[in-house]
Amino acid sequence: MKKYLKKLLCTLFAISILLVSTIHVNADTPYKAIYEKTKVGNYYIWLNSEKGIYVSKSKKSSPKKIVKAPKSSNTYMTYNLITNGSKIYYGVDKRGNDGLSDYMKIYRIDVSGKNKVYIGKVKHGESLSGYYNGNLFVEISSYYSWIQDPTQADTYIYNLKSKKLSLVKREFKIDYQKGKYILGSPYRGDASVPLPIHVYNASTKKIYKITSKGSYVKFLNGKVYYAYGDAYDSKPSNRKISIKTSSYTGSNQKTLCTIKMKNGGAILDIKSSYVKYVKYDKKFKENYYKYYYSSRKIVKVKQ
């Protein structure tokens, strides 16, 4: 009997160590705003706004639906969910007859589908867009606050402990998050439209202007990479796009290259060593290129 108890205790201890290790790995995974099928921690997680939230252990394994989408009229799951691979935050949006948000209810659930908790309600909330240090970033429609533009949203911090909201910036939708740094701009509809770009430091609560005329922006190698200029300026001579970098505070601005786009075009992707773009010729035929910064070499590529 003593041998059995000793063996049982050793087994339980080993299991507890394994569980602690697993939880520790998941806890260290940063929260991400996702919509499409994405691996976060040990699971693939995604949202289908019409069906619900799904989780699978691998890309090919059968998914488990852990949250069903609401079926009641004018009630929808919001665009993003926030997860670290262990906990999932998501929103359910109740819309009025005008199609705009009346309020958004926020919930948290374990990746297993258990321990669903109602967090709170945000008036005119549109979507969850990020997480940092016990705070959710929430997009609230600008239509009811200061401009009657249903396409624009203001970003707020929602404190999970106090349930209080504090404004980050008006006309500010989050494009990327890297830890405490939040990169955002007004809703542009088209990624090529040049608009102001800002970075918000969630730790110091300071916001920095990167540019007043940027598009296609991202974080790369500890810097902000973005496209500056307008490929559809009223003056053909001004139709050019420069690829620039800066620090997270907007300092150390550097131009990597400038591309002339007399007949229009757009940036398709920005990498640390090259930019991929499309240009139109006089007959408005699409031509695709890669520009390598260091060699200044331009290579024509397929779409």
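Worth saying up front: this structure is predicted, and the values here are computed from it rather than measured.

Draft legend 1. Representation of the packing of aromatic side chains in the model. Taken as a whole, this structure holds twelve aromatic pairs when the rule is applied. Between the aromatic rings of Y90 and Y107, the centroid separation amounts to 5.5 Å while the plane-to-plane angle is 20°, which identifies the pairing as stacked. Pair noted here: Y90 is in strand β7 (residues 87-95) and Y107 is in strand β8 (residues 101-110), with a separation of 17 residues, a long-range link. Side by side, Y90 and Y107 carry an identical accessibility label, which is buried.

Draft legend 2. Inspection of the pattern of salt bridges at higher detail. On inspection of all chains with the given rule, the structure shows seven salt bridges. Between K218 and D269 there is a salt bridge whose closest N-O contact spans 3.2 Å. Here K218, found in strand β17 (residues 206-220), pairs with D269, found in strand β21 (residues 265-270); they are 51 residues apart in sequence, far enough to count as distant. Residue classification places K218 among the buried positions, given a relative accessible area of 11%. Of the residues examined, D269 reaches a relative accessible area of 19% and is grouped as buried. Among the salt bridges present, the one from D269 reaches K271, with a minimum N-O distance of 3.5 Å.

Draft legend 3. Seen up close, the nonpolar core. By size, the foremost hydrophobic cluster in this structure holds 17 residues, and its most contacted members are I45, I53, L81, I88 and Y90. Sorting elements by how many residues they give to this core places β7 first, with three residues. Discounting residues that sit within four places of it in the chain, L81 has contacts with K32, A33, I34, I45, W46, L47, I53, I88, Y89 and Y90.

Draft legend 4. Molecular detail of the environment of K64. Tracing the backbone through its elements, the reader meets K64 in strand β5 (residues 64-68). For K64, the contacting residues outside a window of four places in its chain are I53, Y54, V55 and S112.

Draft legend 5. View of unusual backbone geometry. Here K205, not a glycine, exhibits a phi torsion of approximately 65°, which is positive. In this structure, K205 sits in the loop between β16 (195-201) and β17. By relative accessible area, K205 is classed as exposed at 61%. In this structure, N221 is a non-glycine residue whose phi angle is positive, near 50°. Within the secondary structure, N221 sits in the loop between β17 and β18 (223-230).

Draft legend 6. Region of the structure containing the pairing of strand β11 (residues 135-141). Most of β11 sits inside the fold, with seven of its seven residues counted as buried. A two-sided burial pattern is seen for β11, the buried positions comprising N135, F137, E139 and S141 on one face and L136, V138 and I140 on the other. Bridging between strand β10 (residues 125-132) and β11 involves six bridges; their strand directions are antiparallel. Across the sheet, the residue bridging to L128 is V138, located in β11. Connecting β10 to the next strand, β11, in antiparallel fashion are two residues, including N133 with a positive phi near 50°. When β11 meets strand β12 (residues 153-159), the two strands line up antiparallel, connected through seven bridges.

Draft legend 7. Summary view of the side chain of S185. Along the chain, the position of S185 falls in strand β15 (residues 181-185). Engagement of the side chain of S185 in a polar contact is seen with the side chain of D175, the distance being 3.0 Å. Here S185 is in contact with E171, F172, K173, D175, P196 and I197, once residues within four sequence places are set aside.

Draft legend 8. Region of interest: the environment of G134. Along the chain, G134 turns up in the loop between β10 and β11. Spatially, the C-alpha atoms of G134 and L160 are 5.9 Å apart, while their sequence positions differ by 26 residues.

Draft legend 9. Here's a closer look at the sheet that holds β15. Spatially, the seven strands line up as an open sheet ordered β14-β15-β16-β17-β18-β19-β20, and their pairing is antiparallel. Both outer strands of the open sheet, β14 (173-178) and β20 (254-260), are each paired with one neighbouring strand and no more. Geometrically, the sheet is characterised by an average inter-axis angle of 35° between neighbouring strands, direction not taken into account. The sheet contact formed by β17 and β18 spans five bridges and is antiparallel. Bridge pairing in β18 links G214 to Y228.

Draft legend 10. Up close: empty space enclosed by the protein. Tallied over the full model, the rule gives one cavity of 30 Å³ or more. As a volume, the largest cavity reaches approximately 60 Å³. Going through the elements one at a time, β17 and β21 are the ones with two or more residues in the lining of the largest cavity. At three residues, β21 tops the list of elements feeding residues into the lining of the largest cavity. When its residues are assigned to classes, the lining of the largest cavity shows six nonpolar, three polar and no charged.

The rules behind the values
Residues numbered from 1 in each chain as written. Predicted model: local features only at pLDDT ≥ 70, side-chain atom pairs only at ≥ 80, totals over all residues. Heavy atoms only, no water. Phe/Tyr/Trp six-rings, centres within 6.5 Å; stacked < 30°, edge-to-face > 60°. Helix = DSSP H or I, 4+ residues; strand = E, 2+ residues; numbered from the N terminus. Buried < 20%, exposed > 50% of the residue type's maximum accessible area, 1.4 Å probe, protein only. Salt bridge = Lys/Arg side-chain N within 4 Å of Asp/Glu carboxyl O. Core = buried A, V, L, I, M, F, W, Y, C linked by side-chain atoms within 4.5 Å. Contact = heavy atoms within 4.5 Å. Pairing = 2+ DSSP bridges. Polar contact = N/O pair within 3.5 Å; in protein donor to acceptor, adjacent residues only side chain to side chain. Axes fitted to C-alpha atoms, helices over the stretch in contact; angles between N-to-C directions. 1 Å grid on protein atoms, 1.4 Å probe; cavity = no way out; pocket = protein on both sides within 12 Å on 5 of 7 lines; lining within 4 Å. Points joined across faces, edges and corners; volume = space filled by probe spheres on them. Nonpolar A, V, L, I, M, F, W, Y, C, P; charged D, E, K, R; others polar.

That's the geometry; what it means functionally is another story.
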